[in-house]
Amino acid sequence: MAAAKKTTSGARSASRSRGAAKTAAPAITEFDKDQELHAYREMLLIRRFEEKAGQLYGMGLIGGFCHLYIGQEAVVVGMQMAKKDGDQMITGYRDHGHMLAMDLDPKGVMAELTGRRGGLSKGKGGSMHMFSKEKHFYGGHGIVGAQVALGTGLGFANRYRDNGNVSMAFFGDGASNQGQVYESFNMAQLWKLPVVFVIENNKYGMGTSVERASSTTDLSQRGASFGIPGQQVDGMDVRAVMAASEQALEHARSGKGPYILEMITYRYRGHSMSDPAKYRSKDEVQKMRTDHDPIEQVRKRLLDAGWASEDDLKAIDKDVRAIVAEAAEFAQADPEPDVSELYTDILL
């Protein structure tokens, strides 16, 4: 894509001491037309996919847990726009958006949700356990915070192989209080591993607000005692995400060790499909949708700049809906795994 131009932003001053490793946010990256259209389409694909997944869950076609990414699309798309080929992603159970951003086939993702043979884990992993070594996506993990240690291990492998790749380990504000997260921070900084720790702070760990669960709410500073730099990012603005991601990835790739990005974002749905989300008001959710929706921000910029018309954007939406409809049809028509699959890929 074309190089982006920079504009000023209200960045905080950097503090680089070991005890206070907050770094200044980079200037927001103004996108060109191609970047805006790419971000719009990628985020819209995630949004429409998740809406369809919610429908299939309500119809009883998806079993188990199902955690939707609606509202948080700018985080993973902005990072996808900043990463290089070979960089890895690993995340928790709110993982469908990450898979789509890593260019995994929507049919394979949806078929895994419905437990079908053509799913990315052959229909045996479900919503929370999908992988693609080919696309450098390492899951989808159901144990809270477990992926942080594994993502650190990916960073160790990159350093050992000297391949120039960076591991991006995503986790939520709730997982940020897990002990294994801090063990991972310590090891990553001790060995200067190429890891970017991405805290997707959507304000609620299950049904508990971050203010009620964490004694310190600036989660970007959770690595300060280890000397790991970090910054808070507007996770609802894909431009801000890309700019911060470029800085963090370059830091890790250049041998300086890990970096923490706290993406301030928001999920519109409950923690999972079984969560009625009564712990917050409808007005709170609606205000976020009206004032800060990541897709609507890009849509407005495209229209204001004259880079797309209403008809152009409707055509993109139509194309995206067709992709999602095809994935849903495949996920319902594809056969279930053979009984013999119960005993394959099992480690004892």
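Residues numbered from 1 in each chain as written. Predicted model: local features only at pLDDT ≥ 70, side-chain atom pairs only at ≥ 80, totals over all residues. Heavy atoms only, no water.

With respect to the overall build of the chain
Threshold: Strands are runs of DSSP state E lasting at least 2 residues, helices are runs of H or I lasting at least 4, and numbering of each runs from the N terminus. Taken over C-alpha atoms, the radius of gyration is set against a globule rule of 2.2 Å times the number of residues to the power 0.38. Only protein chains enter the accessibility calculation, which uses a 1.4 Å probe; a residue is then buried when its area is under 20% of its type maximum, exposed when over 50%, and partly exposed in between. Whether two residues touch is decided by their heavy atoms; if any such pair falls within 4.5 Å, the residues are in contact. Here the open area of atoms and residues is found with the Shrake-Rupley method and a 1.4 Å probe, where only the protein chains shown may cover a residue. Only four residue types enter the tally: Lys and Arg on the positive side, Asp and Glu on the negative side, with His and both chain ends excluded. Where a charge lies is defined by one atom per residue type: Lys uses NZ, Arg uses CZ, Asp uses CG and Glu uses CD.
On a plain count of helices and strands, the chain comes out with eleven helices and nine strands. Relative to the compact-globule value of 20 Å for 348 residues, the chain shows a C-alpha radius of gyration of 20 Å, a close match. Along the three orthogonal principal directions, the C-alpha set of the chain runs to about 60 × 55 × 40 Å. A total of 348 residues make up the chain; the buried ones form 53% of that total. A fraction of 74% describes how many contacts in the chain between residues 6 or more apart in sequence connect residues 24 or more apart. Just so you have it, the chain exposes about 15,700 Å², and 52% of that area is on carbon and sulfur atoms. Of the charged side chains in the chain, 43 are positive and 45 negative, and the gap between their average positions amounts to 4 Å.

Focus on the sheet that holds strand S3 (residues 88-90)
Filter applied, for reference: Between any two strands, pairing holds if DSSP finds at least two bridges. Note on geometry: axes are C-alpha line fits, over the in-contact stretch for helices, and angles between N-to-C directions span 0 to 180 degrees.
Taken together, five strands build an open sheet; the order of strands is S3-S4-S5-S9-S8 and the sheet is parallel. Each of the sheet's edge strands pairs with one partner strand only, and the pair in question is S3 and strand S8 (230-234). Pairwise comparison of adjacent strand axes, ignoring direction, gives a mean angle of 20 degrees for this sheet. Docked against the sheet, helix H2 (residues 73-82) engages S3, strand S4 (167-172), strand S5 (195-201) and strand S9 (259-264), running at close to 160 degrees with respect to S5.

What to know about unusual backbone geometry
Glycine aside, negative phi is the norm for most residues, and most peptide bonds take the trans geometry. Backbone geometry at aspartate 103 places phi at a positive 70 degrees, although glycine is not the residue there. Along the chain, aspartate 103 falls in the loop between helix H3 (96-101) and helix H4 (106-113). Unusually for a residue other than glycine, histidine 136 sits at a positive phi of about 65 degrees. Summarising the element assignment, histidine 136 is placed in the loop between H4 and helix H5 (146-161).

Details of the nonpolar core
To be explicit about the condition: Take the buried residues of types Ala, Val, Leu, Ile, Met, Phe, Trp, Tyr and Cys, join any two whose side-chain atoms come within 4.5 Å, and each joined set is a nonpolar core.
One finds Met79, Val196, Val238 and Leu261 to be the most contacted residues of the largest nonpolar core, which totals 68 residues. Tallying contributions element by element places helix H1 (residues 33-58) first for this core, with nine residues. If near-sequence neighbours (up to four positions away) are discounted, valine 238 is found in contact with Phe31, Ala39, Met43, Ala74, Val77, Gly78, Met81, Val298 and Arg301. By size, the runner-up hydrophobic cluster in this structure holds 18 residues, among which are Leu154, Ala169, Val181 and Val195.

Digging into the packing of H2 against helix H8 (residues 238-253)
Applicable threshold: In what follows, roughly perpendicular refers to angles from 65 to 115 degrees, roughly parallel to angles under 35, roughly antiparallel to angles over 145, and oblique to any angle outside these ranges. When the near helix sits turned anticlockwise from the far one by under a right angle, the crossing is termed left-handed; a clockwise turn instead gives a right-handed crossing. When residue character is reported, Ala, Val, Leu, Ile, Met, Phe, Trp, Tyr, Cys and Pro are called nonpolar, Asp, Glu, Lys and Arg charged, and the others, Gly included, polar.
The geometry of H2 relative to H8 is characterised by a closest axis approach of 8 Å and an angle of 50 degrees between their N-to-C directions. Between H2 and H8, the interaxial angle falls into the category oblique. Considering only the axes of H2 and H8, their crossing is right-handed. On the side of H2, the interface is formed by Ala74, Val75, Val77, Gly78, Met79, Met81 and Ala82, while H8 contributes Val238, Val241, Met242, Ser245, Glu246 and Leu249. Of the residues belonging to the contact of H2 with H8, the class tally is ten nonpolar, two polar and one charged.

A word on the packing of H1 against H4
Two packed helices can be described by the angle between their axes and the distance between those axes. Closest axis-to-axis distance for the H1/H4 pair is 11 Å, and the angle between their directions is 25 degrees. Here H1 is positioned roughly parallel relative to H4, judged by the angle of their axes. Seen along the crossing, H1 lies across H4 with a hand that is right-handed. Contacts between H1 and H4 involve Phe49, Lys52, Ala53 and Leu56 on the former and, on the latter, Pro106, Val109, Met110 and Leu113. For the contact of H1 with H4, the class distribution of residues is seven nonpolar, no polar and one charged.

Some remarks on the pairing of S9
Note the threshold: Convention used here: a crossover is right-handed provided that the path from the first strand, over the helix, to the second strand proceeds clockwise when the strands point away from the viewer.
Counted residue by residue, S9 has five buried out of six residues, so it is predominantly covered. By the bridge criterion, five bridges tie S8 to S9 in an arrangement that is parallel. By the bridge assignment for S9, glutamine 231 is matched with leucine 261. In this view, the connection linking S8 to its parallel neighbour S9 by way of H8 has right-handed handedness.

Considerations on the pattern of salt bridges
The condition is simple: Each salt bridge in this description consists of a side-chain nitrogen of Lys or Arg and a carboxyl oxygen of Asp or Glu lying within 4 Å of one another.
Across all of its chains, the model carries 18 salt bridges by this definition. The salt bridge involving glutamate 36 is made with arginine 301; its shortest N-O contact spans 2.7 Å. Linking glutamate 36 in helix H1 with arginine 301 in helix H10 (residues 294-305), this pair joins segments that are 265 residues apart in sequence. Owing to a relative accessible area of 17%, arginine 301 belongs among the buried residues under this scheme. In this structure, arginine 321 engages aspartate 317 in a salt bridge whose closest nitrogen and oxygen atoms are separated by 3.2 Å. Placement of the pair is arginine 321 and aspartate 317 together in helix H11 (residues 310-333), with a separation of four residues, close to one helical turn.

Things to note about the layout of surface pockets
Short version of the rule: Buriedness of a pocket was judged along seven lines, with at least five required to meet protein on both sides within 12 Å; pockets are open sets of points on a 1 Å grid over the protein atoms alone, cavities are sets where a 1.4 Å probe fits but cannot get out, and lining residues have an atom within 4 Å of a point. Grid points are joined across faces, edges and corners, and a volume is the space filled by probe spheres set on the points.
Roughly 390 Å³ of internal volume is contained in the largest pocket. Forming the walls of the largest pocket are 25 residues, and the residues nearest its centre are Tyr93, Gly172, Gly174, Ala175 and His271. For the lining of the largest pocket, the elements supplying multiple residues, two or more each, are S4 and strand S6 (204-205). Sort the elements by how many residues they give to the lining of the largest pocket and S4 lands first, with three residues. Residue classes in the lining of the largest pocket are distributed as nine nonpolar, 13 polar and three charged.

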